[in-house]
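Fold and contact review
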Amino acid sequence: MAIGGRFDLTDKKEIPTGMINAIIAMYQVALSKALGTGSAALTQLILRDVTTIADDMLKDMGVELGEVEDLKDDVPKVFKLMGISNKVEVEVPEETTASGSTYVIKVYDSIFKPVALLLQKRGIKFTLSPESFIAAYVIRKALRKKDAKAHVRIQVEPMKTPEEPLIIKVIVR
């Protein structure tokens, strides 16, 4: 438990997934209302710093991802390690260093699926998809070894039914 009412990243406090989904929905609605269509652009800017920040935070939590070697295996492994999803498929482009290469990640059973469906029903674009940040983080971590200046852009396709996977496209720029 927190010492003196202060928590840090090593505290083990469980929060129901429904509550986490509600918090994410609140952030998404606030961002969409404040920025309108510009909320997607802000999401892309966040990705520039996400790899270093995520590495530091995970290290503080005692989680070490190490080197990312095989994205087809490593992306699903990270989703499982984080407790986000047990069924993730990754389509890796043949040419993985060229600008414009697109990785397609299909997430079937994410704990964040309820918020994606709720926002879709309300006509709110889900630009803060945790799954897309995690996928972009792992791919950017792998690309950083090859090209430190490589940038990624994410696109999340809206889900229409609970049976469909969340489809995330990570484009290398």
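Only a predicted model underlies this, so the values are computations on that prediction, with no experimental measurement involved.

With respect to the overall build of the chain
Along the backbone of the chain there are five helices and four strands. Secondary structure elements of the chain occur, N-terminal to C-terminal, as α-α-α-β-β-α-α-β-β. Taking 2.2 N^0.38 as the reference for a compact globule, 173 residues should give roughly 16 Å; the C-alpha atoms of the chain span a radius of gyration of 16 Å, in line with that estimate. With the principal axes as the frame, the chain shows a C-alpha extent of 50 × 40 × 30 Å. Counting contacts in the chain only where the partners sit at least 6 residues apart, residues at least 24 apart contribute 63% of the total. Roughly 10,300 Å² of accessible area belongs to the chain as shown, and the carbon and sulfur atoms make up 56% of that amount. Between the centroid of the 25 positive side chains of the chain and the centroid of its 23 negative side chains there is a distance of 6 Å.

Regarding the packing of helix α1 (residues 17–35) against helix α4 (residues 113–121)
Remark: α1 packs on α4, axes separated minimally by 9 Å, with the N-to-C direction vectors making an angle of 40°. Between α1 and α4, the interaxial angle falls into the category oblique. Crossing angle aside, the handedness with which α1 passes α4 is right-handed. The segment α1 lies against α4, with Asn 21, Ile 24, Ala 25, Gln 28 and Val 29 engaging Pro 114, Val 115, Leu 118 and Leu 119. In terms of residue class, the contact of α1 with α4 is made up of seven nonpolar, two polar and no charged.

A word on the nonpolar core
Membership of the largest hydrophobic core comes to 39 residues, with the highest contact counts inside it found for Leu 71, Val 75, Phe 79, Tyr 103, Ile 105, Ile 139 and Val 170. Contacts of Val 170, omitting those with residues within four sequence positions, involve Ser 101, Thr 102, Tyr 103, Ile 105, Ala 135, Ala 136, Ile 139, Val 152, Arg 153 and Ile 154.

Some remarks on the layout of surface pockets
Volume-wise, the largest pocket comes out at about 1,700 Å³. Around the largest pocket, the lining comprises 31 residues; the ones closest to its centre are Ile 20, Met 57, Met 61, Ile 84 and Phe 112. Put simply, the parts of the chain that give the lining of the largest pocket at least two residues each are α1, α2 (39–60) and α5 (130–146). Examining the composition of the lining of the largest pocket, we find that six residues originate from one element, α2, more than from any other. Considered as a void within the structure, the second largest pocket measures approximately 300 Å³ in volume. Around the second largest pocket sit 19 residues that line it, and Lys 125, Phe 126, Thr 127, Gln 155 and Val 156 are the ones nearest its centre. Going through the elements one at a time, α2, α4 and β3 (152–157) are the ones with two or more residues in the lining of the second largest pocket. The class makeup of the residues in the lining of the second largest pocket is ten nonpolar, six polar and three charged.

Comments concerning α4
Within the span of α4, buried status applies to Lys 113, Val 115, Ala 116, Leu 117 and Leu 119. Buried residues along α4 sit in contact with α1 and α5. Looking one or two residues past α4, Gly 123 carries a phi angle of roughly 75°, positive in sign.

Here we look at the confidence of the model for the chain
Across the chain, the average pLDDT comes to 82, with 90% of residues at 70 or higher. In the model of the chain, α2 stands out as the element of lowest mean pLDDT, 75, in contrast to strand β1 (residues 88–91), which has the highest, 95.

With respect to the sheet that holds β3
Pairing is antiparallel in the open sheet, where four strands are placed in the order β1-β2-β4-β3. Whereas interior strands pair on both sides, the edge strands pair on one side only; in this sheet they are β1 and β3. This sheet shows a mean twist of 20° between the axes of neighbouring strands, independent of strand direction. Relative to strand β4 (residues 166–172), strand β2 (residues 102–107) is paired through six bridges, and the arrangement is antiparallel.

Brief notes about the packing of aromatic side chains
Going through the model one piece at a time under the given rule, you end up with zero aromatic pairs. Its end group placed over the ring of Tyr 108, Lys 87 keeps NZ or CZ at 4.3 Å from the ring centre.

Here is what the cut-offs are and how they apply
Residues numbered from 1 in each chain as written. Predicted model: local features only at pLDDT ≥ 70, side-chain atom pairs only at ≥ 80, totals over all residues. Heavy atoms only, no water. Helix = DSSP H or I, 4+ residues; strand = E, 2+ residues; numbered from the N terminus. Rg over C-alpha atoms; globule rule 2.2 N^0.38 Å. Contact = heavy atoms within 4.5 Å. Areas by Shrake-Rupley, 256 points an atom, 1.4 Å probe, with all protein chains shown as cover. Lys, Arg positive; Asp, Glu negative; His and termini not counted. Charge placed at Lys NZ, Arg CZ, Asp CG, Glu CD. Axes fitted to C-alpha atoms, helices over the stretch in contact; angles between N-to-C directions. Parallel < 35°, antiparallel > 145°, perpendicular 65-115°, else oblique. Left-handed = near helix turned anticlockwise from the far one by under 90°. Nonpolar A, V, L, I, M, F, W, Y, C, P; charged D, E, K, R; others polar. Core = buried A, V, L, I, M, F, W, Y, C linked by side-chain atoms within 4.5 Å. Buried < 20%, exposed > 50% of the residue type's maximum accessible area, 1.4 Å probe, protein only. 1 Å grid on protein atoms, 1.4 Å probe; cavity = no way out; pocket = protein on both sides within 12 Å on 5 of 7 lines; lining within 4 Å. Points joined across faces, edges and corners; volume = space filled by probe spheres on them. pLDDT = per-residue confidence, 0-100. Pairing = 2+ DSSP bridges. Phe/Tyr/Trp six-rings, centres within 6.5 Å; stacked < 30°, edge-to-face > 60°. Lys NZ or Arg CZ within 6 Å of the ring centre and 35° of its normal.

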